[in-house]
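If you want the building blocks of each chain, they are given just below.
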Amino acid sequence: MTIETSNQCMTAAAAKALLQQGLSCQVNSDLPPQFQVGDLVRARVVHPATYTRLPRYVRGKVGTVMQDHGVYVFPDTVGQLLATKPQHVYSVRFPAQALWGPAAPASDALYLDLFDDHLEGP
Amino acid sequence: MTTHHHRPESEIALRVKAIESLLVEKGIVDPAALDTIIEHYEHQVGPHVGAQIVAKAWVDPDFKRRLLADGTGAIAELGLTGFSSEHMIVVANTATVHNLIVCTLCSCYPWAILGLPPTWYKSLAYRSRAVIEPRSVLAEFGLVLPDTVEVCVWDSNADLRYLVLPERPDGAEGLSEEALAALVTRNAMIGTAKVEPPTSPTPIAA
């Protein structure tokens, strides 16, 4: 399955509308989430040669789901003009020490927005 | 008569011109659409939009509550949403929490709220260092935070865009919403600065 894109030239009116209205990546869907707020999750250890929104520095690290942002199209496949593959996106909190080791301040944290396909159980 | 030689245009400017004329000649890009986009970012959006949101949150506790609970909805109330700010999360700085925004994968930024990102925000140095050593980066911006403050770094790696709600400075009690907005800087809304108190005009004579 591939995504067809238009080759039509954008008009000034279309540009204005796009700037004002934006382009939503969210999908109305009743797709059940794979994870719940409060769950411990591990970012998958994968190294795709293609486009991904899973930063390398977080792969294999464990964090906590803080919020479910809802269902969004999956840039990792959309970026290759493959399926939109809608799925839940979560705000996941990683303690700085989980990412950078004991020299990092114990209080500090890093938040990433990760998709279902980026995550697995701890 | 002496011929004046202008400094040659930079390589990137020439490259952009070459690509633009190719795209226009091939009918892929309409120059009027390009002008619309450039005019929008040169004259309409910029940090003043974010500053307006921050000032409203400072004077209106109900709006602040909505802004932190649903950034997208609260910003839409003001009619200030737009491209690359479709899904907004607003994070509040407090006496014990300091937030910093980065995009490690590219340079995602709330364009409709803050305009186009500054060059340093797009630099490899900022993007890589802000996550691993945020306190050192902040210190280089002149902001040294005590150990009692928790530093939270937000990597805009997906489709959500972030805005920092800075702390309202002391000494700004009597100011109008408009005067408060004038205190709010772009860097304070990225998290690399605090909002400074208003400075009194220097008296001409003692």
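Placed above this text is the structure.
Just so it is clear, the model here is predicted, and its values are computed rather than measured. (Residues numbered from 1 in each chain as written. Chains lettered and ligands numbered in written order. Predicted model: local features only at pLDDT ≥ 70, side-chain atom pairs only at ≥ 80, totals over all residues. Heavy atoms only, no water.)

## Side note on the interface of chain B and chain A
Tallying the contact residues gives 35 residues for chain B and 36 residues for chain A. Regarding the contact of chain B and chain A, the summed buried area is about 2,900 Å², with carbon and sulfur atoms giving 58% of it. One salt bridge connects Arg135 of chain B with Asp108 of chain A, and the closest N-O pair in it is separated by 2.8 Å. Taken together, the links from chain B to chain A amount to 16 residue pairs in polar contact (both at pLDDT 80 or more). Listing elements by their share of the side of chain B that touches chain A, those giving two or more residues are α2 (31-44), α8 (124-132) and β3 (150-155) of chain B. For the side of chain B that touches chain A, a count of residues per class yields 19 nonpolar, nine polar and seven charged. Pairing geometry for strand β4 (residues 109-115) of chain A and β3 of chain B, over four bridges, is parallel. If you follow Ala109 of chain A over to β3 of chain B, its bridge partner there is Cys152 of chain B. (Contact = heavy atoms within 4.5 Å. Buried area = accessible area lost by both parts, 1.4 Å probe. Salt bridge = Lys/Arg side-chain N within 4 Å of Asp/Glu carboxyl O. Polar contact = N/O pair within 3.5 Å; in protein donor to acceptor, adjacent residues only side chain to side chain. Helix = DSSP H or I, 4+ residues; strand = E, 2+ residues; numbered from the N terminus. Nonpolar A, V, L, I, M, F, W, Y, C, P; charged D, E, K, R; others polar. Pairing = 2+ DSSP bridges.)

## Focus on the sheet that holds β3 of chain B
On the basis of which strands lie adjacent, the open sheet formed by seven strands has the order β5(A)-β1(A)-β2(A)-β3(A)-β4(A)-β3(B)-β2(B) and mixed pairing. Of all strands in the sheet, those with a lone pairing partner are β5 (119-120) of chain A together with β2 (97-102) of chain B, marking the two edges. Pairing of strand β2 (residues 62-72) of chain A with strand β3 (residues 87-95) of chain A, which is carried by seven bridges, proceeds in the antiparallel orientation. Residue pairing for β3 of chain A: Asp68 of chain A is matched across the bridge by Tyr90 of chain A. Against the sheet, α8 of chain B contacts β4 of chain A together with β2 and β3 of chain B, and its axis sits at roughly 150° relative to β2 of chain B. (Axes fitted to C-alpha atoms, helices over the stretch in contact; angles between N-to-C directions.)

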